[in-house]
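Listed here are the chains, written in short residue letters.
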Amino acid sequence: MEKAKPFQISKKQVWDAFKKVTANRGAAGVDGQSVVEFEKDLCNNLYKLWNRLSSGSYFPLPVRRVEIPKGDGRMRPLGIPTVADRIAQMVVKQMLEPILEPQFHEDSYGYRPGKSAHEAIGVTRRRCWQRGWVLDLDIKGFFDNIDHELMMRAVRYHTDYRWVLLYVERWLKCPVQHPDGKIESRDKGTPQGGVVSPLLANLFLHYAFDMWMKKNFPSVPFERYADDVVCHCVSETHAKRLRVAIEKRLKECLLELHPEKTKIVFCKEQSKRGE
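Residues numbered from 1 in each chain as written. Predicted model: local features only at pLDDT ≥ 70, side-chain atom pairs only at ≥ 80, totals over all residues. Heavy atoms only, no water.

1. Some words on the confidence of the model for the chain
The predicted coordinates should not be examined in detail at positions where pLDDT is low. Per-residue confidence for the chain gives a mean pLDDT of 92; residues scoring 70 or more make up 95%. Across residues 271-275, confidence stays below pLDDT 50; counting only partners more than four residues off in sequence or on other chains, it has 2 contacts. (pLDDT = per-residue confidence, 0-100. Contact = heavy atoms within 4.5 Å.)

2. Focus on the layout of surface pockets
Each pocket or cavity is described by its volume, and for the largest pocket that value is around 550 Å³. If you trace the largest pocket, you find 22 residues lining it, with Lys70, Arg76, Gln192, Asp227 and Lys261 closest to the centre. Every element with two or more residues in the lining of the largest pocket is listed here: strand S2 (75-80) and helix H6 (142-145). For the lining of the largest pocket, the class distribution of residues is 8 nonpolar, 4 polar and 10 charged. Approximately 470 Å³ is the volume attributed to the second largest pocket. Taken together, 21 residues form the lining of the second largest pocket, with Asn24, Gly193, Gly194, Val195 and Pro198 sitting closest to its centre. It is helix H4 (residues 83-100) that provides the largest number of residues to the lining of the second largest pocket, a total of 4 residues. Here the lining of the second largest pocket is composed, by residue class, of 10 nonpolar, 6 polar and 5 charged. (1 Å grid on protein atoms, 1.4 Å probe; cavity = no way out; pocket = protein on both sides within 12 Å on 5 of 7 lines; lining within 4 Å. Points joined across faces, edges and corners; volume = space filled by probe spheres on them. Helix = DSSP H or I, 4+ residues; strand = E, 2+ residues; numbered from the N terminus. Nonpolar A, V, L, I, M, F, W, Y, C, P; charged D, E, K, R; others polar.)

3. Let's talk about the packing of helix H7 (residues 148-158) against helix H8 (residues 162-173)
It is the contact of H7 with H8, at a shortest axis distance of 11 Å, that shows an interaxial angle of 160°. Judged by the inter-axis angle, H7 sits roughly antiparallel to H8. Helix-helix and strand crossings are classified by hand; for H7 and H8 the assignment is right-handed. The segment H7 lies against H8, with His148, Met151, Met152, Val155 and Arg156 engaging Leu165, Val168, Glu169, Leu172 and Lys173. The class makeup of the residues in the contact of H7 with H8 is 6 nonpolar, 1 polar and 3 charged. (Axes fitted to C-alpha atoms, helices over the stretch in contact; angles between N-to-C directions. Parallel < 35°, antiparallel > 145°, perpendicular 65-115°, else oblique. Left-handed = near helix turned anticlockwise from the far one by under 90°.)

4. What about the pattern of salt bridges?
In the structure shown here, the tally under the stated rule is 9 salt bridges. As a salt-bridge pair, Glu236 and Lys240 come within 3.8 Å of each other at their nearest N and O atoms. Note that Glu236 and Lys240 are positioned in helix H10 (residues 236-252) at a spacing of 4 residues, about one turn of the helix. A network of salt bridges, in which partner residues are shared, links Lys12, Asp16 and Lys19. (Salt bridge = Lys/Arg side-chain N within 4 Å of Asp/Glu carboxyl O.)

5. What about the nonpolar core?
Counting 67 residues, the largest nonpolar core has Ile87, Cys231 and Ile246 as the members making the most contacts within it. Setting aside residues up to four positions removed in sequence, Ile246 forms contacts with Leu135, Leu137, Phe209, Trp212, Met213 and Cys231. (Core = buried A, V, L, I, M, F, W, Y, C linked by side-chain atoms within 4.5 Å. Buried < 20%, exposed > 50% of the residue type's maximum accessible area, 1.4 Å probe, protein only.)

What follows is the structure, given as C-alpha cells:
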C-alpha cells in the first residue's frame, strides 16, 4: 500500500500539465532534455515528478539564460526551465489561475485566457479618440526586479495551499545558469520564459498598479498588457501629475519607470476645420 503524501496533488493534475506544456514544445533547459527526450521515458518521468511534488521533495534546477532580440534592437533575457520544471509550474498555474482570474482588472490584457493584444489595441484606439493625451508607461526591467517578499505576500493572500506557496517561493529563488556555465543566485525577479511567471507578474501588478489606480485615479482609463501600460488623460498637465504619482507608487513597490521609454504623447490631430 502506497504511503499517503503530505500534499494532495493528483497524477491527473501532472498529466494535464504535461499535455499543456508539450503542446507548446519549447527549448530544453539546463539538463539538455528536450520534450521528445522526456517523452521517451514518459511514465517514469511523470511518476518521479508527481512523487517529488506530492512529497515536498521537489526542487527546481537552475533556469537556462538565453537572450532574444527585442523590437528596438536590444536583447531580452529569458530564463528557460527544464521540461520537468515547466510541467511542475503548469500544475501550480492550473491551480492558481482559476482563483486569480476573477480578481483581475478588466483592463489587464496580457497573458490571460480570453484576452488578447488585439483587444487591448482596440480599446486603446477608441479611448484615444475620447481623450487626447496619453501617458505611455514602461517599467524598467520589470520581470527582473519583482520583489520576492511582496510577491509572496500577494500569493499568500489568495491561497493557503502549502505546496503552492512552497514551490512558488522555490521558483522565485531559483538560480540562473548563463551560457558560459556560471550559476548566478537571485534575490529578486521572476524569469521571463517560465510557465508561471506571467501569472505571477499579473498578480504583482494587480496590486502594485491596477487596484491602486482604481482607488486613487478611478476616472483615468488605462490598458495594461503585462508591464506595458497606457493611461488616458484629459490634458498634458493631467498626464504629468499622473506620471509623478505613478512613479512614487512604483517606488513603494521597489520598481521604477524607464526614464527614456515612458512618454507623454498627444494622440489627436486637429484638422484646419477643427474636426
